[in-house]
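Results of the structural survey
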Amino acid sequence: MSDMGDMITVTGNVGTTPELKRTNAGVAVTTFRLARGLRRFDRDAAAWSDAGTSWYTVSVFRDLADHAFTSLHKGDRVIVTGRLRVRDWETSSAKGTAVEIDAEAIGHDLRWGTTTFVKAARPTAHVGSRTSAGPEDAWAAPGLDAGEHELGAPHSAEAPQPPALLEEHTGEGGAEPEPPF
């Protein structure tokens, strides 16, 4: 088993639809599979060739879980940084090794496309009878409430809804999806 202190950064494609769950304590947890396609340059053929795919299960917690669930879609090219966990597993009919990443940061890989960033709304602090934005909301333009910006409130009624939840990915039955490279 890997030490929980091992940090890893992986670029790859979101290989499954992200799934959001909540613990009994209400903590958000989003999970998805990340496919990292490996390629090698064949000098004799003077061409690149596929050399397999490495698969990681990514777990994301708390606010980052909510943001990842809303922002990420199957096929998106992303960069994930987090703590690596490698563990052996065994059932009555099979055994294997699971490679997991507890993500601390996720972003779209801008080499492959563009994205639009919308800062998440922060709760306002109440001081006496006045409401004031905290220092993390100092970016807001004058005249806008904390958590709003020129593009509108990030959680407005017009905001796109997150994708519907799918059944939990168990890894059983069928081949892993191929990432779009």
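Just so we're clear, the structure is a prediction, and the values are computed from it rather than from any experiment.

We now examine the pairing of strand 6 (residues 95-108). Two faces belong to every sheet, and in a regular strand the side chains alternate between them. Pairing of strand 4 (residues 47-61) with strand 6, which is carried by three bridges, proceeds in the parallel orientation. By the bridge assignment for strand 6, Val58 is matched with Ile101. Across 13 bridges, strand 5 (residues 77-90) lies against strand 6 in antiparallel orientation. Along strand 6, the bridge assignment pairs Arg83 with Asp102.

Considering all chains together, one arrives at eight salt bridges under this definition. Arg39 is the salt-bridge partner of Asp50, the closest N and O atoms lying 2.8 Å from each other. With a gap of 11 residues between them, Asp50 in strand 4 and Arg39 in strand 3 (residues 28-42) connect regions that are remote in the sequence. Taking relative accessible area as the criterion, Asp50 reaches 62% and is therefore assigned exposed.

The rules we used
- Residues numbered from 1 in each chain as written.
- Predicted model: local features only at pLDDT ≥ 70, side-chain atom pairs only at ≥ 80, totals over all residues.
- Heavy atoms only, no water.
- Pairing = 2+ DSSP bridges.
- Helix = DSSP H or I, 4+ residues; strand = E, 2+ residues; numbered from the N terminus.
- Salt bridge = Lys/Arg side-chain N within 4 Å of Asp/Glu carboxyl O.
- Buried < 20%, exposed > 50% of the residue type's maximum accessible area, 1.4 Å probe, protein only.

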